[in-house]
Amino acid sequence: MKFPLSWLKDHLETDADAQTIAAKLTAIGLEVETVEDAGVRVKDFVVAYVISADKHPNADRLHLCSVDAGGKEPVQVVCGAPNARAGIKVVFAKPGTVIPVSGEALKVGTIRGVESRGMMCSGRELLISDDHDGIIELAADAVVGAPAATALGLTDPVIDISITPNRGDCTSVWGVARDLAAAGLGKLKTPKVEKVDGKFPSPKTISLHFNSKSACPLFAGRVIRNVKNGPSPAWAQERLKAIGLRPINALVDVTNLISHDRGRPLHVFDADKLNGNVQARFAQDGEKLLALDGKTYTLDGEMCVIADDTAAQSIAGVMGGEDTGSTETTTNVFVESAWFEPVSVAATGRKLQITSDARYRFERGVDPEFVVPGLELATKLILEWCGGEPSDIVVVGEVPAWKREIAFPAGTVERIGGLKVEKERIVEILNHLGFGVSEAGDALKVVPPSWRSDIDGAADLVEEVVRIYGLEHVPSVPMERPHAIARPVLTSSQKRRRLIRRALASRGFNEAVTYSFIPRAHASLFGGGDDVRQLENPIAAEMDALRPSPLPSLLAAAARNQARGFTDLQLFEIGAAFQSGVPGGQQTIAAGIRVGSGVRSWTKAAHPADAFDVKADVLASLEVAMGSPMMAPIKATAPAWYHPGRSGTLALGPKVLAVFGELHPKIVAAFDLTGPVAAFELILDAIPESKTKKTSFSPSPYQAVERDFAFVVNSSVSADDVVKAAKTAERALIESVAVFDVYEGKGVPEGRKSLAITVRLQPKDKTLTDAEIESVGQKIVASVAKATGGTLRS
């Protein structure tokens, strides 16, 4: 919520500047997001007077000006603005002044052979408007040499605060001022709202039509006739512009002003456009309404509307209707002030996807006791700005029950908040915030004010006292710890995630954190997109499905990066994948993608991402997760979104641990990526718990022996089959087997291939003799021949 400092000081008597107020607001829980002070940007600019503006000797469209900027001598300036002329006062920048639009310091320059020692500025160059057709012309009474910020009226900083959903009372300047006054930063000085007597009975009656639960417990209104609608006063327009609102006309500006000033949304109907009387009711299913934003909305029976005798004319608490809105030709108006149920307003706004200032306030809670005073205040302003004659106020319903008593022992502040505050100070703070406080034995009896619907119990009162007294007074106390060593707080699953996260980061990956909701079209590419994983109430239209894998989210992130010139990427995420939309249908997956050729480096050659890269990523992750290298077999199969023949699956029996490989070209094309793209999915829930106990490692003192073998096998035989057969030949001696060459070509029969492996023999109790080594070699040859039909290559 935004407000200028001058607006705040209408309600708060204080000498504090914007920065002091901003610091106090954040300290009491109203976090300041920005303090916009346009005056700071133009602090080095001054008011200058144009003494003369002659034609430039070497250019038809330039002027050679003599300018008095408050110095001893006039300054020569070359200016191309069409309105540059003698006798006007302008905003002047001396050499060395930083120009806001460019961020660069102004230098003495030569333009068409003539020296220019300054600059007369436009609104765009100062970033205070979009006007760049000419230089700014200041008022005739502006003081030459004085700061231009004063002459421009840029001495009113605008503060923007973040309002939490429970603080509906601070969606008004009045509410913010009340909090600051309670915190000791001034005195609240808001005048009491005076009653405006009606001159005639209201020709419009009001009624409530709800069968059971009412979405509008209280409704007030009055007719004001013979108004003359037009522009609102300049001061009101400036305030609305300062907070980002566009002044429309006096009648509309009154409602916007009171909404932000007092947190009381209102609506003004053109009374002559209302057919009959006014009522609050639920909409009919399928009923349509053209709203003030120019869109037609289809309503349902759970949405509250304000209607006349023929149709709905306003979406209650959300937005008014176009057909009965006030215009410059409006002469008779009906002013509505009502209290709508916050839940009803919030639900309607979400269904219709309408965000408005009225909804923002109603769904956070509007003061139910200010319905009629808000109407009186609006009447007063309308009469002042537009004239007219008011009717009597008509009211239906009753103020919703809000009074409640909370038993509050004074010691609760210290027990819950850790802050010792004197009882008298507690009472003082609560009184300043509008709470009623009385003695009730050893405890206090506290009645929250009507505007604090968020206060339910003693803990809420503690929060109020502590934030106003000052969180900086809460002492830092070490946590008590038992003498025994605390047990580890991380579960084995959490430890595993941490290890995998670090392993992937060490391999050059960047971690991404993305939504679990993706477009249905993306989900369908990865085996999802069915009805059971479709969201009924998505947070956005393009995020309507639960993702079956983190890969679509990562690919979308990669596409956004590539669109911005980052072509080589390594991204990973550890997150949820949904096999269904019910509890238990969720897996935790560590997924990663490699896009492009990787980061270029002089230490190694770059190459396009392939299946072997992501296979190494998977094995490295499994090794750190299990504490030892993974020996599970790898099969040349993978889901349909992977490239056939360039992908694989790592499994222990029927349990799949991971899939990896290059992605299918159609997947890469669907995300508009420049490929190839290699990816992996590691199913963390499927990784078995490591049951091996940590033991000290003692290397064998005996010499290891390595032998190479080249087998000719059928082309259909996998390297894994050969490796497994070689390992089983002599388990006690064979430490490792690895493939180092595959050859198909001259010297090898068609339909067959040469596959070379290296075998490392590691004796444990003695050095191997040549005969023993030869015996193991024969066993390896025999084992491979039996398993694959392979023969030694000659």
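Only a predicted model underlies this, so the values are computations on that prediction, with no experimental measurement involved.

A. Layout of the overall build of the chain. Scanning the chain for helices and strands turns up 20 helices and 42 strands. For 794 residues, the compact-globule formula gives about 28 Å, and the C-alpha radius of gyration of the chain, at 38 Å, lies well above that figure. In terms of overall dimensions, the chain has C-alpha extents of about 120 × 85 × 65 Å along its principal axes. Sorting the 794 residues of the chain into buried and exposed places 47% on the buried side. Pairs at least 24 apart in sequence give 69% of the contacts found in the chain among residues at least 6 apart. Surface summary for the chain: the accessible area is close to 40,400 Å², and the carbon and sulfur share equals 52%. Across the chain, the 89 positively charged side chains and the 97 negatively charged ones have centroids separated by 7 Å.

B. Here's a closer look at the domain arrangement of the chain. When cut into domains, the chain gives domain 1 (2-37 + 157-188), domain 2 (40-152), domain 3 (206-397), domain 4 (406-469), domain 5 (492-686) and domain 6 (705-792). Its C-alpha centre places domain 4 at a distance of 52 Å from the equivalent point of domain 5.

C. Focus on the packing of helix α7 (residues 250-262) against helix α10 (residues 371-386). Closest axis-to-axis distance for the α7/α10 pair is 10 Å, and the angle between their directions is 140°. Regarding the angle of α7 to α10, the classification is oblique. In the packing of α7 onto α10, the handedness of the crossing is right-handed. Listed contacts from α10 to Ala-250, Leu-251, Asp-253, Val-254, Leu-257, Ile-258 and Arg-262 of α7 are Gly-374, Leu-377, Ala-378, Leu-381, Ile-382, Trp-385 and Cys-386. Here the contact of α7 with α10 is built from residues that sort into 11 nonpolar, 1 polar and 2 charged.

D. Summary view of the packing of helix α12 (residues 423-432) against helix α13 (residues 458-469). It is at 10 Å that the axes of α12 and α13 come closest, and there the two elements cross at 95°. Taken together, the axis directions place α12 and α13 in an arrangement best described as roughly perpendicular. For the pair α12 and α13, the contacting residues are Arg-425, Ile-426, Ile-429 and Leu-430 in the first and Leu-461, Glu-464, Val-465, Ile-468 and Tyr-469 in the second. Here the contact of α12 with α13 is built from residues that sort into 7 nonpolar, no polar and 2 charged.

E. Just the packing of aromatic side chains, in detail. In total, this model carries 12 aromatic pairs according to the counting rule given. Ring plane angle 85° and centroid distance 5.0 Å describe the contact between Phe-210 and Phe-282, whose orientation is recorded as edge-to-face. Of this pair, Phe-210 sits in the loop between β15 (206-209) and β16 (218-225) while Phe-282 sits in strand β18 (residues 278-282); the two residues are 72 residues apart in sequence, bridging distant segments of the chain. Residue Phe-210 is classed as buried on the basis of its relative accessible area of 15%. Ring geometry for Trp-235 versus Trp-385: centroids 5.9 Å apart, planes at 80°, classification edge-to-face. In this pair, Trp-235 sits in helix α6 (residues 234-242) while Trp-385 sits in helix α10, placing the two residues 150 residues apart along the sequence. The exposure class assigned to Trp-235 is partly exposed, which follows from its relative accessible area of 44%. On the basis of relative accessibility, which here comes to 16%, the residue Trp-385 falls in the buried class. Above the face of the Tyr-360 ring, Arg-364 is positioned so that its terminal group lies 3.9 Å from the ring centre.

F. Just α6, in detail. Within α6 the residues assigned to the buried category are Ala-236, Arg-239 and Leu-240. Each buried residue of α6 lies within a common arc of 95° when the element is viewed along its axis, so the set occupies one face. Residues of α6 that are buried make contact with α1 (5-11), α7 and α10. Positive backbone phi, approximately 90°, marks Gly-244, located one or two places after α6.

G. Spotlight on the pairing of strand β22 (residues 312-315). Where strand β21 (residues 304-307) and β22 come together, 3 bridges link them in antiparallel fashion. Note on β22: the bridge partner recorded for Val-305 is Ile-315. Hairpin connection between β21 and β22: a loop of 4 residues separates the two successive antiparallel strands. The loop that links β22 with its antiparallel partner strand β23 (residues 319-320) comprises 3 residues; one of these, Gly-317, has a positive phi angle of about 75°.

H. Representation of the pattern of salt bridges in the model. Within the structure shown, the criterion is met by 39 salt bridges. With its nearest N and O atoms 3.9 Å apart, the salt bridge here joins Asp-270 to Lys-273. When the shortest N-O distance is used, the salt bridge between Arg-452 and Asp-454 registers 2.9 Å. Connected via shared salt-bridge partners are Arg-167, Asp-169, Asp-179, Arg-452, Asp-454, Glu-464 and Arg-467.

I. View of α7. Taking 1.5 Å per residue as the helical rise, α7 with its 13 residues ought to reach 18 Å, and the 18 Å between its terminal C-alpha atoms agrees with that figure. Here α7 lies mainly inside the structure; 12 of its 13 residues are buried. Those residues of α7 not exposed but buried are Ala-250, Leu-251, Val-252, Asp-253, Val-254, Thr-255, Leu-257, Ile-258, Ser-259, His-260, Asp-261 and Arg-262. Two or three places before Leu-251, at the start of α7, stands the capping residue Asn-249, its side-chain oxygen 3.2 Å from that residue's backbone nitrogen. Trailing α7 by a residue or two, Gly-263 shows a phi angle of about 70°, which is positive.

J. Looking closely at the nonpolar core. The biggest cluster of nonpolar side chains holds 106 residues, and the ones touching the most others in it are Leu-8, Leu-25 and Ile-161. Considering each element in turn, this core owes the most residues, 8 residues, to α10. Ignoring any residue separated from it by four or fewer positions in sequence, one finds Leu-25 in contact with Phe-3, Leu-30, Glu-31, Val-32, Ile-159, Ile-161, Val-176 and Leu-180. Grouped together as the second largest cluster of nonpolar side chains are 50 residues, Leu-551, Ile-574, Phe-660 and Ile-667 included.

K. Here's a closer look at the side chain of Asp-610. For Asp-610, the location among the structural elements is in the loop between β34 (586-595) and α17 (611-626). Despite its burial, Asp-610 pairs with no opposite charge, the nearest such side chain being Arg-594 at 7.5 Å. There is a polar contact of 3.1 Å between the side chain of Asp-610 and the backbone nitrogen of Phe-612. A polar side-chain atom of Asp-610 sits 3.0 Å from the main-chain amide nitrogen of Asp-613.

L. View of the sheet that holds strand β28 (residues 436-440). One open sheet holds the 3 strands; their spatial order is β27-β29-β28, and the pairing between them is antiparallel. Either end of the sheet is taken by a strand with one partner, and the two such strands are β27 (406-409) and β28. The sheet shows a mean angle of 35° between the axes of neighbouring strands, taken without regard to direction. Inspection of the sheet shows β28 paired to strand β29 (residues 443-447) by 5 bridges, in the antiparallel sense. The partner of Ala-440 across the bridge, within β29, is Ala-443. Along the sheet, α13 contacts β27 and β29; its crossing angle with β27, the most-contacted strand, is approximately 55°.

M. Here's a closer look at the environment of Thr-26. When you line up the elements, Thr-26 lands in helix α2 (residues 18-27). Taking the relative accessible area as the measure of exposure, Thr-26 reaches 41% and is therefore partly exposed. Separated by 135 residues in the primary sequence, Thr-26 and Ile-161 have C-alpha atoms spaced 8.5 Å apart. With residues up to four places along the chain from it excluded, the contact list for Thr-26 reads Glu-31 and Val-32.

Definitions and cut-offs
- Residues numbered from 1 in each chain as written.
- Predicted model: local features only at pLDDT ≥ 70, side-chain atom pairs only at ≥ 80, totals over all residues.
- Heavy atoms only, no water.
- Helix = DSSP H or I, 4+ residues; strand = E, 2+ residues; numbered from the N terminus.
- Rg over C-alpha atoms; globule rule 2.2 N^0.38 Å.
- Buried < 20%, exposed > 50% of the residue type's maximum accessible area, 1.4 Å probe, protein only.
- Contact = heavy atoms within 4.5 Å.
- Areas by Shrake-Rupley, 256 points an atom, 1.4 Å probe, with all protein chains shown as cover.
- Lys, Arg positive; Asp, Glu negative; His and termini not counted.
- Charge placed at Lys NZ, Arg CZ, Asp CG, Glu CD.
- Domains from an automatic or database assignment.
- Axes fitted to C-alpha atoms, helices over the stretch in contact; angles between N-to-C directions.
- Parallel < 35°, antiparallel > 145°, perpendicular 65-115°, else oblique.
- Left-handed = near helix turned anticlockwise from the far one by under 90°.
- Nonpolar A, V, L, I, M, F, W, Y, C, P; charged D, E, K, R; others polar.
- Phe/Tyr/Trp six-rings, centres within 6.5 Å; stacked < 30°, edge-to-face > 60°.
- Lys NZ or Arg CZ within 6 Å of the ring centre and 35° of its normal.
- Arc of directions from axis to C-beta.
- Pairing = 2+ DSSP bridges.
- Salt bridge = Lys/Arg side-chain N within 4 Å of Asp/Glu carboxyl O.
- Expected span 1.5 Å × (residues − 1).
- Polar contact = N/O pair within 3.5 Å; in protein donor to acceptor, adjacent residues only side chain to side chain.
- Core = buried A, V, L, I, M, F, W, Y, C linked by side-chain atoms within 4.5 Å.

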